[in-house]
Amino acid sequence: MNADAAARAGYRRFLERRSFIEMNARERACAVLDPGTFREMLGPFDRLKSPWLPLQGIVAQADDGVVLARGTLQAKPALIAAIEGAYQGGSMGEVSGAKIAGALELALHDCAQGRLIWPVLLFETGGVRLQEANLGLAAIAEIHAAIIALRRYFPVVGVIAGMVGCFGGMSLAAAVCTHLIVTPQARLGMNGPEVIEQEAGIEELDSTDRGLIWSLIGGEQRYAVGFADDLLEDDADAIAAAVRKAVSAGPASAPPARSVQAERYAELLRTIDPNQPLDGESLRRLWQRGLKP
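Residues numbered from 1 in each chain as written. Predicted model: local features only at pLDDT ≥ 70, side-chain atom pairs only at ≥ 80, totals over all residues. Heavy atoms only, no water.

### Some words on the overall build of the protein
No. 1: When its secondary structure is counted, the protein shows 11 helices and 9 strands.
No. 2: Relative to the compact-globule value of 19 Å for 293 residues, the protein shows a C-alpha radius of gyration of 19 Å, a close match.
No. 3: With the C-alpha coordinates aligned to their principal axes, the bounding extent of the protein is approximately 50 × 50 × 40 Å.
No. 4: A total of 293 residues make up the protein; the buried ones form 49% of that total.
No. 5: Taking the intrachain contacts of the protein between residues at least 6 apart in sequence as the baseline, contacts between residues at least 24 apart amount to 71%.
No. 6: With the model as given, the accessible surface of the protein reaches about 14400 Å², and the carbon-plus-sulfur share is 57%. (Helix = DSSP H or I, 4+ residues; strand = E, 2+ residues; numbered from the N terminus. Rg over C-alpha atoms; globule rule 2.2 N^0.38 Å. Buried < 20%, exposed > 50% of the residue type's maximum accessible area, 1.4 Å probe, protein only. Contact = heavy atoms within 4.5 Å. Areas by Shrake-Rupley, 256 points an atom, 1.4 Å probe, with all protein chains shown as cover.)

### Focus on the nonpolar core
No. 1: Counting residues in hydrophobic clusters, the biggest one holds 35 residues, and the most contacted among them are Ile 100, Leu 104, Leu 121, Phe 123, Ile 147, Ile 160 and Met 170.
No. 2: Among the secondary structure elements, those contributing two or more residues to this core are strand 2 (66-73), strand 3 (76-83), helix 3 (94-112), strand 4 (118-123), helix 4 (133-150), helix 5 (169-175) and strand 7 (179-182).
No. 3: Phe 123 has contacts with Arg 28, Ile 83, Gly 158, Val 159, Ile 160, Ala 161, Gly 165, Cys 166, Met 170, Ala 173, Ala 174 and Cys 177, leaving out every residue within four places of it along the chain.
No. 4: Listed in part, the 29 residues of the second largest apolar core include Ala 236, Val 243, Ala 246 and Val 247. (Core = buried A, V, L, I, M, F, W, Y, C linked by side-chain atoms within 4.5 Å.)

### Observations regarding the packing of helix 3 against helix 4
No. 1: The interhelical angle for the contact between helix 3 and helix 4, taken along N-to-C directions, is 20 degrees, at an axis separation of 8 Å. When the axes of helix 3 and helix 4 are compared, the pair comes out roughly parallel. Note on packing geometry: the crossing formed by helix 3 with helix 4 is left-handed. Here Glu 94, Gly 97, Ala 98, Ile 100, Ala 101, Leu 104, Glu 105, Ala 107, Leu 108 and Cys 111 of helix 3 lie close against helix 4, whose contacting residues are Leu 135, Gly 136, Ala 139, Glu 142, Ile 143, Ala 146, Ile 147, Ala 149 and Leu 150.
No. 2: Its residues assigned to classes, the contact of helix 3 with helix 4 shows 14 nonpolar, 2 polar and 3 charged. (Axes fitted to C-alpha atoms, helices over the stretch in contact; angles between N-to-C directions. Parallel < 35°, antiparallel > 145°, perpendicular 65-115°, else oblique. Left-handed = near helix turned anticlockwise from the far one by under 90°. Nonpolar A, V, L, I, M, F, W, Y, C, P; charged D, E, K, R; others polar.)

### Some remarks on helix 4
No. 1: Given a rise of 1.5 Å per residue, 18 residues ought to cover 26 Å, and the 26 Å separating the end C-alpha atoms of helix 4 matches this to within 8%.
No. 2: Within the span of helix 4, buried status applies to Gly 136, Ala 139, Ile 140, Ile 143, His 144, Ala 146, Ile 147, Ala 149 and Leu 150.
No. 3: Where helix 4 is buried, its residues touch helix 3, strand 4 and helix 5. (Expected span 1.5 Å × (residues − 1).)

### Side note on the pairing of strand 7
No. 1: The alternating pattern of strand 7 places His 179 and Ile 181 and Leu 180 and Val 182 on opposite faces, both of which are buried.
No. 2: Strand direction decides the pairing type here: strand 5 (residues 157-160) and strand 7, joined by 4 bridges, are parallel. Among the inter-strand pairings, Val 157 is bridged to a residue of strand 7, identified as His 179.
No. 3: By the bridge criterion, 2 bridges tie strand 7 to strand 9 (residues 230-231) in an arrangement that is parallel. The residue of strand 9 that forms the bridge with Val 182 is Leu 231. (Pairing = 2+ DSSP bridges.)

### What to know about the sheet that holds strand 5
Either a parallel or an antiparallel arrangement is found when strands of a sheet pair, and the pairing is made through backbone hydrogen bonds.
No. 1: Taken in spatial order, the 7 strands line up as 1-2-3-4-5-7-9 in an open sheet, and their pairing is mixed. Each edge of the open sheet is held by one strand with a lone partner, namely strand 1 (39-41) and strand 9.
No. 2: Helix-sheet contacts for helix 3 involve strand 2, strand 3 and strand 4, and the interaxial angle to strand 2 is about 25 degrees.

### A word on the domain arrangement of the protein
No. 1: We note that the domain assignment places domain 1 (19-260) and domain 2 (262-293) within the protein.
No. 2: Measuring from the centre of the C-alpha atoms in domain 1 to the corresponding centre in domain 2 gives 26 Å.
No. 3: Each side of the interface is counted separately: domain 1 has 10 residues, and domain 2 has 8 residues.
No. 4: For the pair domain 1 and domain 2, the summed buried area comes to about 790 Å², and 56% of that belongs to carbon and sulfur atoms.
No. 5: If you sort the residues of domain 1 by the area they bury against domain 2, Gln 221, Ala 224 and Val 225 come out on top, with a joint share of 51%.
No. 6: Viewed at the interface, domain 2 and domain 1 are joined by 0 salt bridges.
No. 7: Going through the elements one at a time, helix 7 (210-217) and helix 8 (219-224) are the ones with two or more residues in the side of domain 1 that touches domain 2.
No. 8: Here the element with the most residues in the side of domain 1 that touches domain 2 is helix 8; it accounts for 3 residues.
No. 9: Taken together, the residues of the side of domain 1 that touches domain 2 break down into 5 nonpolar, 3 polar and 2 charged. (Domains from an automatic or database assignment. Buried area = accessible area lost by both parts, 1.4 Å probe. Salt bridge = Lys/Arg side-chain N within 4 Å of Asp/Glu carboxyl O.)

Encoded structure:
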């Protein structure tokens, strides 16, 4: 096959793929689970809305922006928690955070009783919902604790695919997952670019400079410096296959979670000279050597 034919074939595959990024949270959960096994818990007809948003003139969504589903992965019981980035930036409030925390804690109880469940988190979130700050933060802390407890039984798999990315306290939730899958379009960071610009000024970071932002916190960069385990194109079937591969590996074969490698990352931080600020490419060169297991 010559270069032109290969390019045409690649272009055709790109057009025929199912975009994971363009799916909403419910569609993403369906795409990951085995076909026909999606069963939603606490869905929109249960009317679990935020009680706080209407007090501030904001229309509350019936599922508070989180889709919880039980189903199967490779015919094994699975739990999917998918965050809807189109609603309030995927932010975590009292209800949405409690839905995820409660579902993970129920899965933990089942695992402790010998009923093993594969947990998967589909992130698309700006972090805590500012209108419900303390309530959302408390729920996020419970999510962190549940993820760490579940890692004993199965790898907890996280996926960051789309244009919202994963920020704030939920970036820590992604960081404590056993296995993290990203796309090139994904972003992962504690503080979002707009927040940094607002608090520190445009001289510190221009949030409109897309090339700069993705070179620092984009999916390719996070994968290159070891903060993500798989880098995949925006293809729902490929992402679903990677999720299945990660969860089926089991906890024994999974590498140590990043959250238990504090000294390793402290050593990497010590290689950075604060007097010599790094760009994305320089950090890749500096850290890739130290990321070899």
